[in-house]
Amino acid sequence: MVPSLPALTDLLADAHVVALPMRVRFRGITVREALVLRGPAGWTEFSPFVEYDDQESAAWLRAAIDFGWTDHEPAADSVPVNATVPAIASSAVADLLGRYPGCTTAKVKVAEPGTTVEDDVARVAEVRRVMGPDAAVRIDANGLWSVDEAVVALERLAPFDLQYAEQPCRTVPELAELRRRIDGLGVRIAADESVRKASDPLAVARAGAADVLVVKAQPLGGITAAQAVIAEAGLPCVVSSALDTSVGLGMGAFLAASAMSPGYAAGLGTAVMFEGDVTSAPLLPTAGRIPVRRVDVSPELVARFRAAPERAAWWRARLERVHALLAGA
(Lines give C-alpha, C1' and ligand atoms only; values in the text may rest on other atoms or scores of the structure.)
Protein backbone atom coordinates (compact mmCIF):
# COMPACT_ATOMS: atom_id res chain seq x y z
CA MET A 1 0.00 0.00 0.00
CA VAL A 2 1.38 3.41 -0.97
CA PRO A 3 1.60 5.73 2.08
CA SER A 4 -0.27 9.03 2.11
CA LEU A 5 1.68 12.24 1.62
CA PRO A 6 3.36 13.30 4.89
CA ALA A 7 3.31 16.93 5.94
CA LEU A 8 6.22 19.01 4.70
CA THR A 9 7.28 19.62 8.30
CA ASP A 10 7.57 15.85 8.79
CA LEU A 11 9.81 15.55 5.73
CA LEU A 12 12.06 18.37 6.88
CA ALA A 13 12.19 17.37 10.55
CA ASP A 14 15.37 15.30 10.10
CA ALA A 15 16.57 16.13 6.59
CA HIS A 16 20.17 16.71 5.48
CA VAL A 17 21.71 17.74 2.18
CA VAL A 18 25.08 16.18 1.40
CA ALA A 19 27.62 16.55 -1.40
CA LEU A 20 29.60 13.35 -1.94
CA PRO A 21 32.82 13.58 -3.97
CA MET A 22 33.29 10.88 -6.60
CA ARG A 23 36.45 8.91 -7.37
CA VAL A 24 35.90 9.13 -11.13
CA ARG A 25 33.77 11.46 -13.23
CA PHE A 26 30.56 9.59 -14.02
CA ARG A 27 27.56 10.79 -16.02
CA GLY A 28 29.34 14.14 -16.11
CA ILE A 29 29.23 14.32 -12.31
CA THR A 30 32.19 14.74 -9.96
CA VAL A 31 30.15 15.56 -6.83
CA ARG A 32 26.79 13.89 -6.15
CA GLU A 33 24.30 15.93 -4.14
CA ALA A 34 21.45 14.21 -2.28
CA LEU A 35 18.92 14.90 0.43
CA VAL A 36 18.56 12.17 3.04
CA LEU A 37 15.67 12.25 5.49
CA ARG A 38 14.26 10.03 8.19
CA GLY A 39 10.75 8.64 8.20
CA PRO A 40 9.02 6.35 10.69
CA ALA A 41 10.31 3.25 8.82
CA GLY A 42 13.90 4.52 8.61
CA TRP A 43 16.21 6.67 6.52
CA THR A 44 15.27 7.41 2.94
CA GLU A 45 16.57 9.51 0.05
CA PHE A 46 15.40 12.21 -2.37
CA SER A 47 18.06 12.79 -5.02
CA PRO A 48 16.76 13.57 -8.52
CA PHE A 49 19.59 14.85 -10.69
CA VAL A 50 19.90 18.62 -10.53
CA GLU A 51 18.85 19.14 -14.16
CA TYR A 52 15.50 17.38 -13.65
CA ASP A 53 12.46 19.63 -13.37
CA ASP A 54 9.96 19.48 -10.53
CA GLN A 55 7.50 17.35 -12.47
CA GLU A 56 10.08 14.65 -13.15
CA SER A 57 11.35 14.91 -9.57
CA ALA A 58 7.90 14.12 -8.17
CA ALA A 59 8.40 10.37 -8.70
CA TRP A 60 11.64 10.57 -6.72
CA LEU A 61 9.80 12.14 -3.78
CA ARG A 62 7.11 9.47 -3.96
CA ALA A 63 9.91 6.91 -3.78
CA ALA A 64 11.45 8.58 -0.73
CA ILE A 65 8.08 8.55 1.02
CA ASP A 66 7.39 4.94 0.04
CA PHE A 67 10.71 3.79 1.55
CA GLY A 68 10.68 6.01 4.61
CA TRP A 69 7.05 5.51 5.54
CA THR A 70 6.58 1.80 4.64
CA ASP A 71 7.96 -1.27 6.44
CA HIS A 72 9.21 -3.20 3.41
CA GLU A 73 10.27 -6.76 4.20
CA PRO A 74 13.53 -8.00 2.62
CA ALA A 75 12.93 -10.89 0.22
CA ALA A 76 16.57 -12.06 0.47
CA ASP A 77 19.64 -11.47 2.60
CA SER A 78 21.71 -10.14 -0.30
CA VAL A 79 21.70 -9.56 -4.07
CA PRO A 80 24.47 -9.95 -6.69
CA VAL A 81 25.80 -6.71 -8.16
CA ASN A 82 27.86 -5.69 -11.16
CA ALA A 83 31.05 -3.71 -11.36
CA THR A 84 30.58 -0.32 -13.06
CA VAL A 85 33.27 0.87 -15.45
CA PRO A 86 33.02 4.56 -16.41
CA ALA A 87 34.39 5.90 -19.68
CA ILE A 88 37.98 5.56 -18.51
CA ALA A 89 41.13 4.64 -20.42
CA SER A 90 41.58 0.93 -20.90
CA SER A 91 44.83 1.15 -18.91
CA ALA A 92 42.81 2.09 -15.79
CA VAL A 93 40.31 -0.77 -16.05
CA ALA A 94 42.16 -3.40 -14.02
CA ASP A 95 42.66 -1.13 -11.00
CA LEU A 96 39.02 -0.06 -11.06
CA LEU A 97 37.71 -3.63 -11.25
CA GLY A 98 39.79 -4.42 -8.17
CA ARG A 99 37.35 -2.30 -6.14
CA TYR A 100 34.56 -4.80 -6.91
CA PRO A 101 35.70 -8.01 -5.18
CA GLY A 102 33.87 -11.11 -6.34
CA CYS A 103 31.79 -9.39 -9.02
CA THR A 104 31.34 -11.55 -12.12
CA THR A 105 29.36 -8.98 -14.12
CA ALA A 106 30.55 -5.58 -15.39
CA LYS A 107 28.64 -2.68 -16.90
CA VAL A 108 30.84 -0.60 -19.19
CA LYS A 109 29.97 2.95 -20.15
CA VAL A 110 30.30 3.69 -23.87
CA ALA A 111 29.43 6.55 -26.26
CA GLU A 112 30.79 9.15 -23.83
CA PRO A 113 31.04 12.56 -25.56
CA GLY A 114 34.62 13.21 -26.61
CA THR A 115 35.45 9.52 -27.01
CA THR A 116 35.38 7.20 -30.02
CA VAL A 117 34.15 3.73 -30.85
CA GLU A 118 37.80 2.66 -30.80
CA ASP A 119 38.00 3.86 -27.18
CA ASP A 120 34.86 1.86 -26.35
CA VAL A 121 36.22 -1.27 -28.02
CA ALA A 122 39.51 -0.97 -26.14
CA ARG A 123 37.70 -0.49 -22.81
CA VAL A 124 35.34 -3.43 -23.33
CA ALA A 125 38.16 -5.63 -24.57
CA GLU A 126 40.16 -4.91 -21.44
CA VAL A 127 37.19 -5.64 -19.19
CA ARG A 128 36.75 -8.97 -20.96
CA ARG A 129 40.47 -9.73 -20.64
CA VAL A 130 40.61 -8.91 -16.92
CA MET A 131 37.35 -10.64 -15.97
CA GLY A 132 37.76 -13.66 -18.22
CA PRO A 133 35.49 -15.49 -20.67
CA ASP A 134 32.87 -16.54 -18.12
CA ALA A 135 32.04 -13.02 -16.89
CA ALA A 136 28.91 -11.18 -18.02
CA VAL A 137 29.78 -7.91 -19.76
CA ARG A 138 27.08 -5.37 -20.54
CA ILE A 139 27.44 -1.89 -22.07
CA ASP A 140 25.49 1.32 -21.48
CA ALA A 141 25.32 4.13 -24.06
CA ASN A 142 22.75 6.30 -22.22
CA GLY A 143 20.86 6.84 -25.50
CA LEU A 144 23.74 8.72 -27.14
CA TRP A 145 23.96 6.78 -30.40
CA SER A 146 21.83 7.20 -33.49
CA VAL A 147 20.51 3.95 -34.95
CA ASP A 148 23.25 3.92 -37.60
CA GLU A 149 25.96 4.63 -35.01
CA ALA A 150 24.58 1.90 -32.76
CA VAL A 151 24.63 -0.65 -35.57
CA VAL A 152 28.29 0.11 -36.33
CA ALA A 153 29.31 0.12 -32.66
CA LEU A 154 27.47 -3.07 -31.77
CA GLU A 155 28.96 -4.89 -34.74
CA ARG A 156 32.38 -3.94 -33.31
CA LEU A 157 31.47 -4.87 -29.73
CA ALA A 158 29.43 -8.05 -30.31
CA PRO A 159 32.55 -10.29 -30.48
CA PHE A 160 33.10 -9.60 -26.76
CA ASP A 161 29.95 -11.62 -25.99
CA LEU A 162 27.79 -8.85 -24.54
CA GLN A 163 25.06 -9.74 -22.07
CA TYR A 164 23.09 -6.78 -23.44
CA ALA A 165 23.41 -3.20 -24.70
CA GLU A 166 21.64 -0.76 -22.42
CA GLN A 167 19.79 2.19 -24.00
CA PRO A 168 21.89 2.36 -27.18
CA CYS A 169 19.48 4.89 -28.71
CA ARG A 170 17.26 7.53 -27.13
CA THR A 171 13.70 6.84 -28.29
CA VAL A 172 11.46 3.79 -28.26
CA PRO A 173 11.00 3.80 -32.07
CA GLU A 174 14.80 3.96 -32.48
CA LEU A 175 15.26 1.01 -30.13
CA ALA A 176 12.67 -0.98 -32.03
CA GLU A 177 14.37 -0.19 -35.37
CA LEU A 178 17.80 -1.06 -33.98
CA ARG A 179 16.51 -4.34 -32.58
CA ARG A 180 15.26 -5.27 -36.07
CA ARG A 181 18.49 -4.22 -37.78
CA ILE A 182 20.79 -6.21 -35.51
CA ASP A 183 18.64 -9.32 -35.50
CA GLY A 184 21.05 -12.22 -35.72
CA LEU A 185 23.96 -10.31 -34.14
CA GLY A 186 23.31 -11.93 -30.77
CA VAL A 187 23.10 -8.67 -28.78
CA ARG A 188 20.03 -8.11 -26.63
CA ILE A 189 18.69 -4.59 -26.09
CA ALA A 190 17.95 -3.26 -22.62
CA ALA A 191 15.92 -0.12 -21.95
CA ASP A 192 16.73 2.27 -19.10
CA GLU A 193 15.90 5.90 -19.89
CA SER A 194 12.96 4.68 -22.00
CA VAL A 195 11.54 3.25 -18.77
CA ARG A 196 12.56 5.65 -16.00
CA LYS A 197 12.11 8.92 -17.95
CA ALA A 198 8.97 7.95 -19.87
CA SER A 199 5.47 9.12 -19.05
CA ASP A 200 4.47 5.54 -19.88
CA PRO A 201 7.23 3.20 -18.62
CA LEU A 202 5.52 0.21 -20.25
CA ALA A 203 5.58 1.67 -23.78
CA VAL A 204 8.96 0.11 -24.55
CA ALA A 205 7.66 -3.36 -23.68
CA ARG A 206 4.49 -2.95 -25.72
CA ALA A 207 6.50 -1.75 -28.74
CA GLY A 208 8.75 -4.82 -28.67
CA ALA A 209 11.69 -2.42 -28.43
CA ALA A 210 13.67 -4.18 -25.72
CA ASP A 211 14.59 -7.63 -24.43
CA VAL A 212 15.41 -6.49 -20.88
CA LEU A 213 14.16 -3.66 -18.66
CA VAL A 214 16.54 -1.73 -16.42
CA VAL A 215 14.56 -0.27 -13.54
CA LYS A 216 15.52 2.18 -10.82
CA ALA A 217 13.54 2.58 -7.65
CA GLN A 218 13.62 6.35 -7.24
CA PRO A 219 12.72 7.42 -10.80
CA LEU A 220 9.80 4.95 -10.92
CA GLY A 221 8.25 6.25 -7.70
CA GLY A 222 9.61 3.70 -5.23
CA ILE A 223 9.58 0.01 -4.50
CA THR A 224 5.82 -0.42 -4.60
CA ALA A 225 5.35 1.40 -7.91
CA ALA A 226 8.36 -0.27 -9.55
CA GLN A 227 7.13 -3.73 -8.57
CA ALA A 228 3.88 -3.02 -10.41
CA VAL A 229 5.72 -1.89 -13.57
CA ILE A 230 7.95 -4.97 -13.54
CA ALA A 231 5.03 -7.33 -13.06
CA GLU A 232 3.05 -5.81 -15.93
CA ALA A 233 5.97 -5.54 -18.37
CA GLY A 234 6.56 -9.29 -18.47
CA LEU A 235 10.23 -8.89 -19.44
CA PRO A 236 13.40 -9.84 -17.57
CA CYS A 237 14.43 -6.95 -15.36
CA VAL A 238 17.64 -5.64 -13.81
CA VAL A 239 17.48 -3.20 -10.89
CA SER A 240 20.07 -0.46 -11.04
CA SER A 241 21.27 2.59 -9.12
CA ALA A 242 20.55 6.22 -9.86
CA LEU A 243 23.94 7.11 -8.37
CA ASP A 244 22.36 7.02 -4.93
CA THR A 245 23.98 7.20 -1.53
CA SER A 246 23.90 3.94 0.45
CA VAL A 247 20.46 4.99 1.70
CA GLY A 248 19.07 4.92 -1.83
CA LEU A 249 21.05 1.80 -2.64
CA GLY A 250 19.22 0.12 0.21
CA MET A 251 15.94 1.03 -1.45
CA GLY A 252 17.19 -0.51 -4.68
CA ALA A 253 18.36 -3.66 -2.90
CA PHE A 254 14.90 -4.24 -1.41
CA LEU A 255 13.42 -3.89 -4.91
CA ALA A 256 16.03 -6.18 -6.49
CA ALA A 257 15.48 -8.89 -3.90
CA SER A 258 11.74 -8.90 -4.52
CA ALA A 259 11.46 -8.37 -8.27
CA MET A 260 14.68 -8.86 -10.22
CA SER A 261 15.05 -11.69 -12.72
CA PRO A 262 17.31 -14.60 -11.68
CA GLY A 263 20.64 -14.85 -13.46
CA TYR A 264 21.29 -11.11 -13.58
CA ALA A 265 23.38 -8.89 -11.32
CA ALA A 266 21.92 -5.61 -10.08
CA GLY A 267 23.62 -2.31 -10.82
CA LEU A 268 23.75 -1.46 -7.12
CA GLY A 269 27.46 -1.62 -6.39
CA THR A 270 27.97 2.08 -7.05
CA ALA A 271 28.91 3.08 -3.49
CA VAL A 272 32.42 2.13 -4.66
CA MET A 273 32.38 5.22 -6.87
CA PHE A 274 32.19 7.67 -3.95
CA GLU A 275 35.03 9.00 -1.80
CA GLY A 276 32.61 9.01 1.15
CA ASP A 277 29.06 8.14 2.14
CA VAL A 278 26.41 9.07 4.69
CA THR A 279 26.82 5.88 6.71
CA SER A 280 29.71 4.17 8.46
CA ALA A 281 28.47 0.85 7.00
CA PRO A 282 28.05 1.63 3.26
CA LEU A 283 26.58 -0.97 0.91
CA LEU A 284 29.87 -1.95 -0.72
CA PRO A 285 30.19 -5.19 -2.70
CA THR A 286 31.57 -8.19 -0.83
CA ALA A 287 31.99 -11.49 -2.69
CA GLY A 288 30.07 -9.88 -5.55
CA ARG A 289 26.99 -9.04 -3.47
CA ILE A 290 25.51 -6.30 -1.29
CA PRO A 291 23.23 -6.93 1.69
CA VAL A 292 19.51 -6.17 1.59
CA ARG A 293 19.11 -3.82 4.54
CA ARG A 294 18.43 -0.26 5.53
CA VAL A 295 21.39 1.85 6.60
CA ASP A 296 21.71 4.19 9.54
CA VAL A 297 22.93 7.67 8.70
CA SER A 298 25.99 8.84 10.61
CA PRO A 299 25.74 12.39 12.04
CA GLU A 300 29.53 12.70 11.78
CA LEU A 301 29.57 11.79 8.09
CA VAL A 302 26.60 14.03 7.34
CA ALA A 303 28.52 16.87 8.96
CA ARG A 304 31.69 16.01 7.01
CA PHE A 305 29.90 15.97 3.67
CA ARG A 306 27.35 18.67 4.36
CA ALA A 307 26.51 20.66 1.24
CA ALA A 308 27.27 24.37 1.09
CA PRO A 309 24.50 26.52 2.63
CA GLU A 310 23.29 27.82 -0.72
CA ARG A 311 23.06 24.27 -2.11
CA ALA A 312 21.23 23.04 0.97
CA ALA A 313 18.75 25.91 0.58
CA TRP A 314 18.29 25.00 -3.10
CA TRP A 315 17.46 21.39 -2.22
CA ARG A 316 15.04 22.33 0.55
CA ALA A 317 13.25 24.76 -1.77
CA ARG A 318 13.09 22.02 -4.38
CA LEU A 319 11.61 19.60 -1.86
CA GLU A 320 8.97 22.17 -0.91
CA ARG A 321 7.98 22.75 -4.54
CA VAL A 322 7.78 19.04 -5.38
CA HIS A 323 5.81 18.36 -2.19
CA ALA A 324 3.34 21.07 -3.27
CA LEU A 325 3.02 19.34 -6.66
CA LEU A 326 2.18 16.04 -5.01
CA ALA A 327 -0.25 17.72 -2.64
CA GLY A 328 -2.02 19.37 -5.57
CA ALA A 329 -2.21 16.08 -7.44
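As a reminder, the structure under discussion sits directly above these lines.
What you see is a predicted model; the values in this text were computed from it and never measured. Counting starts from 1 at the beginning of each chain's written sequence and moves along it residue by residue. pLDDT decides what is reported in this predicted model: residues at 70 or higher carry local features, side-chain atom pairs at 80 or more are listed and counted, and totals for whole chains, interfaces and linings draw on all residues regardless. No hydrogens and no water enter the side-chain calculation; it runs on all heavy atoms of the structure.

> So, the overall build of the chain: which residues are in play, and what are the values?
Only DSSP runs of H or I with at least four residues qualify as helices, and only runs of E with at least two residues qualify as strands; both kinds are numbered from the N terminus onward. A tally of regular secondary structure across the chain gives 12 helices and 12 strands. In summary, the chain has a C-alpha radius of gyration of 19 Å against a globular reference of 20 Å for 329 residues, a match within 12%. The principal-axis extents of the C-alpha atoms in the chain amount to approximately 55 × 40 × 35 Å. Looking at the 329 residues of the chain, the share that counts as buried comes to 57%. We call two residues contacting when some pair of their heavy atoms lies within 4.5 Å. For the chain, the proportion of contacts with a sequence separation of at least 24, taken over those separated by at least 6, is 69%. A total accessible area of about 13,100 Å² is found for the chain, and carbon and sulfur atoms account for 51% of it. Charge centroids of the chain, computed over 32 positive and 40 negative side chains, lie 1 Å from each other. Each radius of gyration reported is based on C-alpha atoms, and the globular scaling rule is 2.2 Å times the count of residues to the power 0.38. Exposure classes here rest on a 1.4 Å probe applied to the protein chains alone. A residue is buried below 20% of its type maximum, exposed above 50%, and partly exposed in between. Accessibility throughout is a Shrake-Rupley quantity obtained with a 1.4 Å probe, and a residue counts as covered only by protein chains that appear here. In this tally, Lys and Arg are treated as positive and Asp and Glu as negative; His is ignored, and so are the chain termini. In this description, the location of a charge corresponds to atom NZ of lysine, CZ of arginine, CG of aspartate or CD of glutamate.

> Outline the pairing of strand S3 (residues 42-46), supporting the account with residue identities and numerical values.
In summary, the side chains of a regular strand alternate between the two faces of the sheet. Among the five residues that make up S3, five are buried, leaving the element largely enclosed by the rest of the structure. Pairing between strands requires that DSSP locate at least two bridges from one strand to the other. One ladder, built from five bridges, connects strand S2 (residues 29-39) with S3; its direction is antiparallel. Among the inter-strand pairings, Arg 38 is bridged to a residue of S3, identified as Trp 43. What sits between the antiparallel neighbours S2 and S3 is a turn of two residues.

> An account of helix H4 (residues 117-131) is needed here, citing residue identities and associated values.
To estimate how far a helix should reach, multiply one less than its number of residues by 1.5 Å. Here H4 is 15 residues long and its end C-alpha atoms lie 21 Å apart, about the 21 Å a rise of 1.5 Å per residue gives. Taken together, the buried positions of H4 are Asp 120, Val 121, Arg 123, Val 124, Glu 126, Val 127 and Arg 128. Looking at the buried side of H4, the elements it contacts are strand S5 (83-85), helix H3 (93-97), strand S6 (105-109), strand S7 (136-140), helix H5 (147-157) and strand S8 (162-166). Following H4 by one or two positions, Gly 132 has its phi on the positive side, about 90°.

> How would you summarise the nonpolar core if you had to cite specific residues and measurements?
Within the largest apolar cluster, 120 residues are counted, with the highest numbers of intra-cluster contacts made by Ile 139, Trp 145 and Leu 154. Among the elements that take part in this core, helix H10 (residues 246-259) stands out by supplying nine residues, more than any other. Apart from the residues lying within four places of it in its own chain, the contact partners of Ile 139 are Val 108, Val 110, Val 124, Trp 145, Leu 154, Leu 157, Leu 162, Tyr 164, Ala 165 and Glu 166. By nonpolar core is meant a set of buried Ala, Val, Leu, Ile, Met, Phe, Trp, Tyr and Cys residues that side-chain atoms within 4.5 Å join together.

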